[in-house]
Amino acid sequence: MDGSMLSQEEINALLNDAASANTDTNLEEELTDAEKDAIGEISNISMGTAATTLFSLVNQRVNITTPVVTYCTWDELSMQYDRPCVFIQISYQEGLDGNNILVLKERDVKIITDLMMGNDGSNIDGELTEIHLSAISEAMNQMMGSAATSISSMLEKKVDISPPNANLVDLTDDIDGGEISTFLKNRFVKVAFRMEIGNLVDSELMQLYPIEFAKDLYHQFMKYSGFDQPATNNINQEQTPSTPPPTQTPPPQASMQAPSGMPMGQPQMPPMQQMPPMQQMPYQGQQAMPYMMPPQQDVNISPVQFQPFTINSSPLLQTENIDLLLDVPLEVTAELGRTTKSIKEILDFAPGTIIELNHLAGEPIDVLVNGKYVAKGEVVVIEDAFGIRVTEIIK
């Protein structure tokens, strides 16, 4: 029995070895300060390009600044960020192997969607719908596509992404590996930005990376950037002055001065180096050297002709950014009429009750798109269904 028991010293040694092993594993998963700085700089450049793209989509001043690189877990994220929020997953198809997630607040998504539809960003009431998710996915596809182009320039190779996928996530729930990337179950890298959109949004945008992907991105960035070259040059520059070459000649400035007691009977610099050659060359005559005056050639010069500017002031012909929204679904409503009733009158409703509307018989029907009055029409019957024939477009 005594031979099978461990002494206190042996138990302490085993515990210390286990703690040391865990510490080594954590250190391998940690990012160094240089890696954090590089990831922050890459994200800063990428988001700078993405901000320019978002400006063209919402027609508002966009500023994305101050990246802060930290570690985070799912529990920490649920305590720090608004709930629910929108997760946009971006996967790389070429150039990089991995994925990352952009996290936006629900209110910010509604404002961006409303601005993309040409409104003023104030229509943010109601729940988040598939229209909002489709619009923000298209916006992030454009933004991260331009960010991938910036990364391509840094890494000197093609980088391409797959179409982003947006989901509304309640951070209070446990993480589900089905709809959300499984790397969020472990510790991950969080890059937080401050995002400003005009006077409507002053919020935080987050970009989440797996630690392995962040390390791979750093190594590829260092491989193609050549940042290790200046260190080698500094070593050579420090060693060169200590052992100058034996055939090294003094610079021209040093040859203009003689040590004390040395005669200066002959000039130390050739005459042609004392004055720029153009000052010795005459404008005319035979003394000019042939290569100093290239032969002049006849040049035909004609006045420049500019195409006249045409000012197009018609708002119907301004289709800026409309191609980005052609696939976004909108809700179309045909309204027969409206009226106002008190609660008592509504409680008196029964089968057979007639409700008088504000439209007269024979008046056209109002057509609304997402609650906006856009056209008038008349009711038609198509087989067994009703339809609306548009008779007037409201400008």
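Residues numbered from 1 in each chain as written. Predicted model: local features only at pLDDT ≥ 70, side-chain atom pairs only at ≥ 80, totals over all residues. Heavy atoms only, no water.

*Asks:* Could you clarify how one ought to interpret the packing of helix 2 (residues 33-58) against helix 4 (residues 106-116) in this entry?
*Replies:* For any two helices packed against each other, the geometry is given by the interaxial angle and the distance between the axes. Relative orientation of the contacting elements helix 2 and helix 4 amounts to 55 degrees, with a least axis distance of 8 Å. As far as their axial angle goes, helix 4 and helix 2 are oblique. Packed against helix 2, whose contacting residues are Leu 54, Leu 57 and Val 58, the element helix 4 presents Ile 112, Leu 115 and Met 116 at the interface. When grouped by side-chain class, the residues that make up the contact of helix 2 with helix 4 number six nonpolar, no polar and no charged. (Axes fitted to C-alpha atoms, helices over the stretch in contact; angles between N-to-C directions. Helix = DSSP H or I, 4+ residues; strand = E, 2+ residues; numbered from the N terminus. Parallel < 35°, antiparallel > 145°, perpendicular 65-115°, else oblique. Contact = heavy atoms within 4.5 Å. Nonpolar A, V, L, I, M, F, W, Y, C, P; charged D, E, K, R; others polar.)

*Asks:* Looking at this structure, I do not really get the side chain of Asn 100. What am I missing?
*Replies:* Counting through the fold element by element, Asn 100 comes out in strand 3 (residues 99-105). Judged by its relative accessible area of 0%, Asn 100 falls in the buried class. With residues up to four places along the chain from it excluded, the contact list for Asn 100 reads Ile 88, Gln 89, Ile 90, Tyr 92, Gln 207, Leu 208 and Tyr 209. (Buried < 20%, exposed > 50% of the residue type's maximum accessible area, 1.4 Å probe, protein only.)

*Asks:* What's the story with the side chain of Asp 114 in this structure? I'm lost.
*Replies:* Its location among the elements puts Asp 114 in helix 4. At a separation of 2.8 Å, a polar atom in the side chain of Asp 114 contacts the side chain of Asn 119. Beyond its immediate sequence surroundings of up to four residues, Asp 114 is in contact with Asn 119, Asp 120, Gly 121, Ser 122 and Asn 123. (Polar contact = N/O pair within 3.5 Å; in protein donor to acceptor, adjacent residues only side chain to side chain.)

*Asks:* Honestly, the pairing of strand 10 (residues 372-382) in this entry has me stumped. Any pointers?
*Replies:* In the case of a regular strand, side chains alternate between the two sheet surfaces. Sheet analysis places strand 9 (residues 365-369) next to strand 10, joined by five bridges and oriented antiparallel. By the bridge assignment for strand 10, Ile 365 is matched with Gly 377. Count of turn residues in the strand 9/strand 10 antiparallel hairpin: two residues, of which Asn 370 carries a positive phi of about 55 degrees. What sits between the antiparallel neighbours strand 10 and strand 11 (residues 385-393) is a turn of two residues, in which Glu 383 has the positive phi angle 55 degrees. (Pairing = 2+ DSSP bridges.)

*Asks:* What should I look at first to understand the sheet that holds strand 8 (residues 332-335) in this one?
*Replies:* In a beta sheet, neighbouring strands pair by backbone hydrogen bonds and run either parallel or antiparallel. With respect to topology, four strands assemble into an open sheet ordered 8-9-10-11, the strand pairing being antiparallel. Strands with a single pairing partner mark the edges of an open sheet, and in this sheet they are strand 8 and strand 11. On average, each strand axis in the sheet is tilted by 40 degrees relative to the strand beside it, whichever way the strands run. Both strand 8 and strand 9 contribute to a ladder of four bridges, which runs antiparallel. The residue of strand 9 that forms the bridge with Ala 334 is Val 367.

*Asks:* Explain the pattern of salt bridges here, please?
*Replies:* Two side chains that carry opposite charge are able to pair once their charged atoms sit near each other. Taken as a whole and judged by the stated rule, the model has nine salt bridges. Salt-bridge contacts for Glu 35 lead to Lys 215; the nearest nitrogen and oxygen are separated by 3.4 Å. Pair noted here: Glu 35 is in helix 2 and Lys 215 is in helix 6 (residues 211-225), with a separation of 180 residues, a long-range link. Linking Arg 389 and Glu 378 is a salt bridge whose minimum nitrogen-to-oxygen distance equals 2.6 Å. (Salt bridge = Lys/Arg side-chain N within 4 Å of Asp/Glu carboxyl O.)

On their own, these measurements won't tell you what the molecule is for.
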